[in-house]
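Structural description and commentary
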Amino acid sequence: MRLTSRVARLSAPAIALVIAVGCGAGDGGGGEHTATIHVTERDFRIDAPHTASAGAVTFTVRNRGPVAHELIVVRRSNAGLPLREDGTTVDEEALEPVTPGALEPGDAGTVRALRVRLAPGRYELLCNMSGHYLGGMHTDLVVR
């Protein structure tokens, strides 16, 4: 089973609306603040802040690469991420219990949004298209 986000592929004005609505009505209701984390995907690199605050978070993901990229948010342990038998992609099914959210692949030039709730800990943001993770398309995020 593949994880999908609540917000898939949106135009920039639609993302602004999602973020504006999300800021007032967080996952728990009652006006909880939603932090925005800007992520840029390029061929074989993900640029994002290295720290964030725990709670409701909206990742705004811009694909500036020439091909489609996905974004998967995984809570990390001290062990490395498991690979599938193909040896070139991460075993997403094994990580489902520690994956707060994921965006399906987005075409070059798209901007997408993913809203998740993050507990304190260490996370990895990654693209799991064939060979992308091993090519360096991942980054750490520490949530406090």
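Quick caveat, the model's predicted, so the values are computed rather than measured.

**Description of the overall build of the chain**
Helix and strand counts for the chain stand at 2 helices and 10 strands. Put simply, the chain runs from its N terminus to its C terminus through helices and strands in the order β-α-β-β-β-β-β-α-β-β-β-β. Going through the 144 residues of the chain one by one, you find that 42% of them count as buried. Long-range contacts, defined here as pairs at least 24 residues apart, represent 66% of the contacts in the chain between residues at least 6 apart. About 7000 Å² of surface is accessible on the chain, with carbon and sulfur atoms providing 56% of the total.

**As for the pairing of strand E10 (residues 138–143)**
Of the two faces of E10, only the one carrying Thr-139, Leu-141 and Val-143 is buried; His-138, Asp-140 and Val-142 on the other face are not. Note that strand E4 (residues 51–52) and E10 share 2 bridges and pair parallel. For Ala-52, the partnering residue across the bridge sits in E10 and is Val-143. For strand E9 (residues 121–126) and E10, the ladder comprises 6 bridges, and the chain directions are antiparallel. The residue of E10 that forms the bridge with Arg-122 is Val-142.

**A look at the pattern of salt bridges**
With the rule as written, the count across this model stands at 7 salt bridges. A salt bridge links Asp-47 to Arg-45, with the nearest nitrogen and oxygen atoms 2.9 Å apart. Linked through salt bridges whose partners overlap, the residues forming this network are Arg-42, Arg-45 and Asp-47.

**So, the sheet that holds strand E7 (residues 101–106)**
In spatial order, the strands read E4-E10-E9-E6-E7; together these 5 strands make up an open sheet with mixed pairing. Sheet topology places E4 and E7 at the edges, where each strand pairs with a single neighbour. Across 4 bridges, the pairing between strand E6 (residues 69–75) and E7 is antiparallel. Bridge pairing in E7 links Val-73 to Gly-101.

**Things to note about the nonpolar core**
Counting 20 residues, the largest nonpolar core has Val-39, Phe-59, Leu-71, Val-73, Leu-118, Leu-125 and Leu-141 as its most contacted members. Those elements that provide at least two residues to this core are strand E2 (35–42), strand E5 (55–63), E6, strand E8 (111–118), E9 and E10. Setting aside anything within four residues of it in sequence, one finds Phe-59 in contact with Ile-37, Val-39, Leu-71, Val-73, Arg-112, Ala-113, Leu-114, Val-116, Leu-118, Leu-125 and Leu-141. Grouped together as the second largest cluster of nonpolar side chains are 8 residues, Val-74, Leu-81, Leu-95 and Ala-102 included.

Parameters and conventions
In this convention, every chain numbers its residues from 1, walking through the sequence in written order. For a predicted model such as this one, the threshold for reporting local features is a pLDDT of at least 70, and the threshold for listing and counting side-chain atom pairs is 80 or more; totals across whole chains, interfaces and linings nevertheless cover every residue. As a convention, hydrogens and water are excluded, and side-chain values are obtained from all of the structure's heavy atoms. The helix count covers DSSP runs of H or I at least four residues long, the strand count covers runs of E at least two residues long, and both are numbered beginning at the N terminus. Burial classes follow relative accessibility: with a 1.4 Å probe on protein chains only, a residue under 20% of its type's maximum area counts as buried, one over 50% as exposed, and anything between as partly exposed. Every residue pair with non-hydrogen atoms within 4.5 Å of one another is taken to be in contact. Only the protein chains shown count as covering a residue, and every accessible area follows the Shrake-Rupley method with a 1.4 Å probe. Should DSSP find at least two bridges between two strands, the strands are taken to pair. Salt bridge, as used here: a side-chain nitrogen of Lys or Arg that lies within 4 Å of a carboxyl oxygen of Asp or Glu. Residues enter a nonpolar core if they are buried and are Ala, Val, Leu, Ile, Met, Phe, Trp, Tyr or Cys, with the set joined through side-chain atoms within 4.5 Å.

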